[in-house]
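Topology and contacts: notes
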Amino acid sequence: MSERRRIFGTDGVRGVANIEPVTAETALKLGRAAAHVVTQLAGGARSGHRAQIVLGKDTRLSGYMLENALAAGIMSLGVDVLLIGPLPSPGTAYITRSLRADAGIMLSASHNSYEDNGIKFFRRDGYKLDDEIELRIENLVFSGEIENVRPTAARIGKAFRVDDALGRYIEFAKASFPRGLNLESLRIAVDVANGAGYKSTPCILRELGANVIVAHNTPNGRNINKECGSTHPEEIQRIVKETGAQVGVSNDGDADRVLLCDENGELVDGDEIMAIAAIDYLKNDRLAQNTLVATIMSNFGLEGALEPYGGKVLRTKVGDRYVIEEMMKRNLNLGGEQSGHMIFHDYTTTGDGIISALQILRIMVETGHPLSELKKCMRKYPQAQRNLKVSKKPPIPDLVEVSRLTAETEKDLGGKGRVLLRYSGTEPKIRLLIEGPDSARINAQADRIAEAIQKEIGAE
């Protein structure tokens, strides 16, 4: 298949809902293709076994449309559907594993606005689907190879509602927090982004004893991520300052990432969260091979934070799937991204916002230190980031003026910083990051490169 026809990106299929490829028609085909592949992986129609696929979603309006289309496609291939939404993406991964289903599917566009939606797949063990399996599903969507595979009569699949999915996930997440501790000493502000964690996140914190102040927990299908959640961190900062909370927790739409806010209203991003957790693990001889996995976007201050404790940082391409792949390959137990995707592999198989937050809350309770003190373990290098909409995505070396300015900036940094330029795998955007010792200087350089990008491939 040509690259032009690919519909899978770095995190499943994503786009504007009801426009290809995120349409009911394609969702039905994806459901049929996924069901066919899952049946093959499960050993075919072996005696006494009917394959099952867990289907979760966040709170987007288009979730109803896509859920029904996917379910119809799956059942038309003789596979049962277990409906669990709305539930966080990590909840879908966990329920898939817990119920011993053959695969899981989550309907979400994560941190994007409600107009978008996405379809991402999990293996039966709760990990994201392998690239080669996604490619098999994609090939079936376009090839028409399974058009004549049509079970009839009793071989058609059924749909079941899993009524206790939320409770199962809440208990699973709570189990990552030590049984001998509680959060009774903490007043916690929570912004659940009108998203998939609007019930689970506050409930977990309350059941562990915290005094919880909740905001943006009234989803209506159109307000997910709207001026709230981890893409609008100024909101949790405002809530913490206004309520006098000791810590703020901010999810994104599918609650697989988290950003924190200290008692002074200062943001604590994914890099700082990883640094706090990794140092705690190093002190307690829990960090596997003394190695933290981060991406090339993470601040170089991570290395400086871990080095005094004998720790090191291993870097991957951008994307939590690459982080977890490296962790699994090397048998490591902690990794993540600056954006707030953290994988605490001792507890879960994927990024999980509430489990990540609980690990930092545990450290706060055990040490008695406020978050403002804990985050001092890491001294950040100044960064200048620009996320720009583009009209097309030609190879970056083909952008003549952009490449010239990038090379000029790298020379100016003289080895004391870096320039990263990459296209988003899920949006029509290009992401620019410059890191260096002088904030004003790198911001001026970022503006020059951004202006050149706008002239060459910018979108309205």
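Scope of this entry: the structure provided in the associated data block. (Residues numbered from 1 in each chain as written. Predicted model: local features only at pLDDT ≥ 70, side-chain atom pairs only at ≥ 80, totals over all residues. Heavy atoms only, no water.)

Here we take up the packing of helix H1 (residues 24-41) against helix H2 (residues 63-76). The N-to-C vectors of H1 and H2 enclose an angle of 35°; their axes lie 7 Å apart at closest approach. H1 and H2 meet at a crossing whose hand is right-handed. For the pair H1 and H2, contact is made by Ala24, Ala27, Leu28, Leu30, Gly31, Arg32 and Ala35 and by Met65, Leu66, Ala69, Leu70, Ala72, Gly73, Ile74 and Ser76, respectively. Classifying every residue of the contact of H1 with H2 gives eleven nonpolar, three polar and one charged. (Axes fitted to C-alpha atoms, helices over the stretch in contact; angles between N-to-C directions. Helix = DSSP H or I, 4+ residues; strand = E, 2+ residues; numbered from the N terminus. Left-handed = near helix turned anticlockwise from the far one by under 90°. Contact = heavy atoms within 4.5 Å. Nonpolar A, V, L, I, M, F, W, Y, C, P; charged D, E, K, R; others polar.)

Two packed helices can be described by the angle between their axes and the distance between those axes. At a minimum axis separation of 11 Å, helix H6 (residues 200-207) and helix H11 (residues 353-367) run at an interaxial angle of 30°. Relative to H11, the element H6 is oriented roughly parallel. Along this stretch, H6 crosses H11, giving a crossing that reads as right-handed. Facing H6, whose interface residues are Thr201, Ile204 and Leu205, H11 presents Ile354, Leu358 and Leu361. Here the contact of H6 with H11 is built from residues that sort into five nonpolar, one polar and no charged. (Parallel < 35°, antiparallel > 145°, perpendicular 65-115°, else oblique.)

A word on the layout of surface pockets. Its volume calculated, the largest pocket comes out at about 1,000 Å³. In terms of lining, the largest pocket is formed by 40 residues, of which the most central are Arg257, Val318, Ser339, Arg422 and Arg431. Going through the elements one at a time, helix H10 (320-330), strand E16 (383-389), strand E17 (418-423) and strand E18 (429-435) are the ones with two or more residues in the lining of the largest pocket. Along the lines of polarity and charge, the residues of the lining of the largest pocket split into nine nonpolar, 18 polar and 13 charged. Its boundaries defined by the atoms lining it, the second largest pocket holds a volume of some 700 Å³. Lining the second largest pocket are 24 residues; nearest its centre among them are Arg14, Gly425, Thr426, Glu427 and Pro428. (1 Å grid on protein atoms, 1.4 Å probe; cavity = no way out; pocket = protein on both sides within 12 Å on 5 of 7 lines; lining within 4 Å. Points joined across faces, edges and corners; volume = space filled by probe spheres on them.)

Burial analysis of E17 places five of its six residues in the buried class, the great majority of the element. In this structure, E17 lies alongside E18, joined through six bridges in antiparallel fashion. Bridge assignment links Tyr423 to a residue of E18, and that residue is Ile430. (Buried < 20%, exposed > 50% of the residue type's maximum accessible area, 1.4 Å probe, protein only. Pairing = 2+ DSSP bridges.)

Let us now look at the sheet that holds E18. Ordered in space as E16-E18-E17, the three strands form an open sheet in which the pairing is antiparallel. Across the chains shown, the open sheet's two edge strands, defined by having one partner strand only, are E16 and E17. Each strand axis lies, on average, 10° off the axis of its neighbour in the sheet, ignoring direction. In the sheet, E16 pairs with E18 via seven bridges, with the strands oriented antiparallel. By the bridge assignment, Ala384 is partnered in E18 with Ile434.

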